[in-house]
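# Observations on the model geometry
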Amino acid sequence: MAISRTFTIVKPTAYKNGNLGKILTIIEEHGFSLKALKILRLSVNQAEKFYDIHKDRPFFKDLVDYMSSGTVAVAILEKDNAVEAYRELIGSTDPSKARTGTIRNLFGTSIQANAVHGSDSDENAIIEGNFFFKESEIV
Ligand code: ADP
Ligand code: MG
């Protein structure tokens, strides 16, 4: 399996609850390398752009408001088969359905506040990583 990259966001509730360090530890313990990392607050405009693919979904406005409501952490992660491996590590979108021990199961508090984002394809991982990081910020 080839080494590849994925992109994650630690969402506002997980950050506010003091779980960023624990989540990064789990990520590293599962063999991912951090290639870029920062904390920031998304503007409404940035959140709309990031989630543009969901603009016609009923939860879009709530999601944008939520994602711009507080501090988040964004990161690029590297591992063999990174996109699939990270989706496996985070679990299902709905934390109540996420497998025991997954990041969303451990730290998610609702389907919206599900602790983390994870890219769904290699192509989107690159687009999403480039949305937040300049080339000089990625190692
Ligand atoms: P995932 O993050 O697992 O890839 P989606 O891409 O389908 O899930 O949705 C993007 C984000 O939108 C989810 O992580 C979650 O925060 C939010 N979301 C998805 N479905 C719902 C829903 N039914 N109600 C509220 N928020 C939702
Ligand atoms: Mg998705």
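This one's a predicted model, so the numbers in the text were calculated from it and none came from an experiment. (Residues numbered from 1 in each chain as written. Chains lettered and ligands numbered in written order. Predicted model: local features only at pLDDT ≥ 70, side-chain atom pairs only at ≥ 80, totals over all residues. Heavy atoms only, no water.)

### Regarding the site of ligand 1
In the vicinity of ligand 1, the residues found are Lys11, His54, Phe59, Leu63, Arg87, Thr93, Arg104, Ile111, Gln112 and Asn114. Between ligand 1 and the protein, one listed contact pairs an oxygen atom with a side-chain N or O atom of Lys11 at 2.8 Å. Relative to its free-state accessible area of 530 Å², ligand 1 is covered by the protein chains to the extent of 78%. The residue makeup of the shell around ligand 1, split by class, is 3 nonpolar, 4 polar and 3 charged. (Near = heavy atom within 4 Å. Polar contact = N/O pair within 3.5 Å; in protein donor to acceptor, adjacent residues only side chain to side chain. Areas by Shrake-Rupley, 256 points an atom, 1.4 Å probe, with all protein chains shown as cover. Nonpolar A, V, L, I, M, F, W, Y, C, P; charged D, E, K, R; others polar.)

### Remarks on the pairing of strand 3 (residues 71-80)
Extensive coverage of strand 3 is indicated by the burial of 7 of its 10 residues. Relative to strand 3, strand 1 (residues 3-10) is paired through 8 bridges, and the arrangement is antiparallel. Within the sheet, the bridge partner assigned to Arg5 lies in strand 3 and is Glu78. In the sheet, strand 2 (residues 33-41) pairs with strand 3 via 8 bridges, with the strands oriented antiparallel. Its bridge partner lying in strand 3, Leu37 is registered against Ala75. (Buried < 20%, exposed > 50% of the residue type's maximum accessible area, 1.4 Å probe, protein only. Helix = DSSP H or I, 4+ residues; strand = E, 2+ residues; numbered from the N terminus. Pairing = 2+ DSSP bridges.)

### Comments concerning helix 2 (residues 20-29)
In an α-helix, one turn spans 3.6 residues; hence positions three or four apart end up facing the same way. Of the positions making up helix 2, those classed as buried are Leu20, Ile23, Leu24, Ile26 and Ile27. Angular distribution of buried residues about the axis of helix 2 spans 160°; they occupy a single face of the element. Positive backbone phi, at 90°, marks Gly31, one or two positions downstream of helix 2. (Arc of directions from axis to C-beta.)

### Remarks on the packing of aromatic side chains
Enumeration over the complete set of coordinates arrives at 7 aromatic pairs. Centroid distance Phe50 to Phe132: 5.8 Å. Interplanar angle 55°. Geometry classified as tilted. Here Phe132 lies in helix 7 (residues 122-132) and Phe50 lies in helix 3 (residues 44-50), a separation of 82 residues in the sequence. We classify Phe132 as buried; its relative accessible area is 7%. In this structure an aromatic cluster arises from ring pairing among Phe7, Phe50, Tyr51, Phe131 and Phe132. Its end group placed over the ring of Phe32, Lys79 keeps NZ or CZ at 5.0 Å from the ring centre. (Phe/Tyr/Trp six-rings, centres within 6.5 Å; stacked < 30°, edge-to-face > 60°. Lys NZ or Arg CZ within 6 Å of the ring centre and 35° of its normal.)

### Things to note about the sheet that holds strand 3
Taken together, 4 strands build an open sheet; the order of strands is 2-3-1-4 and the sheet is antiparallel. Single-partner strands in this sheet number two, and they are strand 2 and strand 4 (116-118). Averaged over all neighbouring strand pairs, the angle between strand axes comes to 20°, with direction disregarded. (Axes fitted to C-alpha atoms, helices over the stretch in contact; angles between N-to-C directions.)

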